[in-house]
Every structure is written in structure tokens, then in C-alpha cells.
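Survey of secondary and tertiary structure
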Amino acid sequence: MYSQIFSTEEDPRTQELRSRLDSFYAETSDYTAFHESNWQPVYWQPIAERAVNLLQSKGDCRILEFGAGRTGFGKYLQEYLQKADIAADLSDRLTFDTQDVTPQNQDYLATQASQVYIGDLLEVTQKYDLIFSTFVWEHLTTPKAILDHLISLLNPQGSIFLISPRYDLPFYLSPSCRHLSKGDRLKLSLWLSLKRLLTLLGQKPSFLIHLDPVLFHQKWFRDADAIHWVSLWDLLSYLPSNMQITKHKIEAGGLKGKIWADYCVMFVQIQQK
Ligand SMILES: C[S@@+](CC[C@H](N)C(=O)[O-])C[C@H]1O[C@@H](n2cnc3c(N)ncnc32)[C@H](O)[C@@H]1O
């Protein structure tokens, strides 16, 4: 049953899914992330801190945000540099570029970034010191190819920061399957838990792609388009041996908040050992 609705990026059906998603991102007016610029200091602070370190140690720093939507990172970074008392001639040596698949926010992004790439991330060839995304990793149909590519774009001492939901906690499923019956979702939860366990025990990572998300059945709601069922275990198992992952902590109150921060969100930094 699951081979009909899940696949991996090697399957040609994911290309058709990509085209359908790209059309959705190009045309949607419901997508809340496109309504106003975002503000996510919790995730941006470690990235800005690393940018300052690099500026001070190597004299420049080039940053790429992919899946930028209507990012407020450029403004945050300027404020951060001012607070850190970074001299103007040094902060001028920091470059912030953005990428997204949709042209919907292109004019906005042009006011925020030095360079705006619209199109496939695999077409970006510039080298970067820092590459990051917030809540994009779960929308990729070719996560392995993109990760390989991003690693190849890193300058020495470079880092990739990925922030996204993750679906490793048993019975926590991507909203993309909300159109399935309760019984089917229960069976899916058990199947997924087994898959995660097998990866933890050393079997191949799954990098599951949901071919038939609820997005194509109902009006869009948050993460109806989360077609890559992200797993931190997949990432840890896939990374080349010369790369390492650092988990960043997200502060959250209460037991529910702590479970969410520790097991339902992925906030990682990937860099060379
Ligand atoms: C939930 S929004 C997040 C936007 C922004 N990063 C934020 O945090 O507000 C998902 C973003 O991923 C972008 N996206 C989807 N598929 C992508 C892909 N294959 N490559 C790059 N961006 C993609 C969408 O166009 C959208 O801007």
C-alpha cells in the first residue's frame, strides 16, 4: 500500500510531484508564508553569530538562504551587526543571497538580498560560507541530491543550517496525510516507526517522499505540502564521513513544549569535521 503513496527521489514520479508543487508555489494566494515578511530570531541568532565569527576571522562572509519566501533575515542581520558593533567597512564585506522556486516574492527579495535566484537550487554554483533554510527541507522532492549539492557549494569552514519539522516521533505524522482515514494513519504510524527503527539500527536511510499529499485533495493548510517526511536519523545516516552534525537547542516551556522542541523540530548545523 505504501509504495503507492510514498517514494524516494530516484523514482521518476517525484519529478511529476515537483512540477505540481512548483505550479502550486507559483500560483497560490493562500500560502501564509508569502503574506508578510517573517521574523525568526530563535533560528537566525546562531547563524548571525557564525557570520560575525567568519567576518572577523577571514574578513568576509557569503550567505545563501534557500526557499527564502519573504525572509526578514537581511534586516535581522543588519540589526545584529550593529548591536555587535561591527565596523561598517567589515559588515560591507558580508553578502546575503536568496533562492526560491517561485517568482511570487522576487521583487520583495530583491530589496533584501544582493542576488536572488529563482529556480532549481541545483543551478546555483556560487560558493558560500553559510547556507540555511527555515521550514523548506520538508518541501524538497530531492533532499539527498540537494544536500550533496549544498555541501559542494561550501567554502572551507562553511556550514549548512537546516530548520524544519521532523517526523521521527512515533505517531507524529506529517499533516500531508490528513486526508487518509484514522485506520490508515494508524497503520502508517506503525510502518513508519519500523522504518525509523531500521534506520537507527543501521539500514539505509528512507528519505520518504509523499507522492499524494492532502494538498492535492483539499484547500491548502499549514504543511499540507510537507511531502518530505524529514528524519534526523536519515540525515545522520546519509552524511558523508567527513561531515558532522551539531544539534541546536530550542528553548521551550512545559513538557509538551520540550517534546516538540526535542523531537518534532530539526535544527541542525552541518559542517566539515
Ligand atoms: C513554509 S515556506 C517557508 C518560507 C520561509 N523560509 C519562511 O521560513 O518563512 C516554504 C518555502 O519553500 C519554498 N520551496 C519549496 N520547494 C522548494 C525547493 N525545491 N527549493 C527551494 N525552495 C523551495 C517555497 O517556495 C516556500 O518559499
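Provided above is the structure to which this section pertains.
The following refers to the structure shown. Model, not experiment: these values are computed from the prediction.

Summed over the entire model, instances satisfying the criterion amount to 12 salt bridges. A salt bridge links Lys144 to Glu10, with the shortest nitrogen-to-oxygen separation between them at 2.8 Å. Of this pair, Lys144 sits in helix 7 (residues 143–153) while Glu10 sits in the loop between strand 1 (6–7) and helix 2 (13–27), and the two are 134 residues apart along the sequence. The class for Glu10 is exposed, based on a relative accessible area of 53%. In this structure, Glu79 and Lys75 form a salt bridge, with 3.5 Å as the shortest nitrogen-oxygen distance. Linking Glu79 with Lys75, this pair stays in helix 4 (residues 73–83), spanning four residues, or about one helical turn. Through salt bridges with shared partners, a single network forms among Arg166, Asp168, Arg196 and Asp234.

The next subject is the packing of helix 3 (residues 41–58) against helix 4. Interhelical geometry of helix 3 versus helix 4 gives an angle of 55 degrees and a closest axis separation of 10 Å. The angle between helix 3 and helix 4 falls in the class oblique. Where helix 3 crosses over helix 4, the handedness of that crossing is right-handed. The segment helix 3 lies against helix 4, with Pro41, Trp44, Gln45, Ile47, Ala48, Glu49, Val52 and Leu55 engaging Phe73, Tyr76, Leu77, Tyr80 and Leu81. Split by residue class, the contact of helix 3 with helix 4 holds 11 nonpolar, one polar and one charged.

So, how was this worked out
- Residues numbered from 1 in each chain as written.
- Predicted model: local features only at pLDDT ≥ 70, side-chain atom pairs only at ≥ 80, totals over all residues.
- Heavy atoms only, no water.
- Salt bridge = Lys/Arg side-chain N within 4 Å of Asp/Glu carboxyl O.
- Helix = DSSP H or I, 4+ residues; strand = E, 2+ residues; numbered from the N terminus.
- Buried < 20%, exposed > 50% of the residue type's maximum accessible area, 1.4 Å probe, protein only.
- Axes fitted to C-alpha atoms, helices over the stretch in contact; angles between N-to-C directions.
- Parallel < 35°, antiparallel > 145°, perpendicular 65-115°, else oblique.
- Left-handed = near helix turned anticlockwise from the far one by under 90°.
- Contact = heavy atoms within 4.5 Å.
- Nonpolar A, V, L, I, M, F, W, Y, C, P; charged D, E, K, R; others polar.

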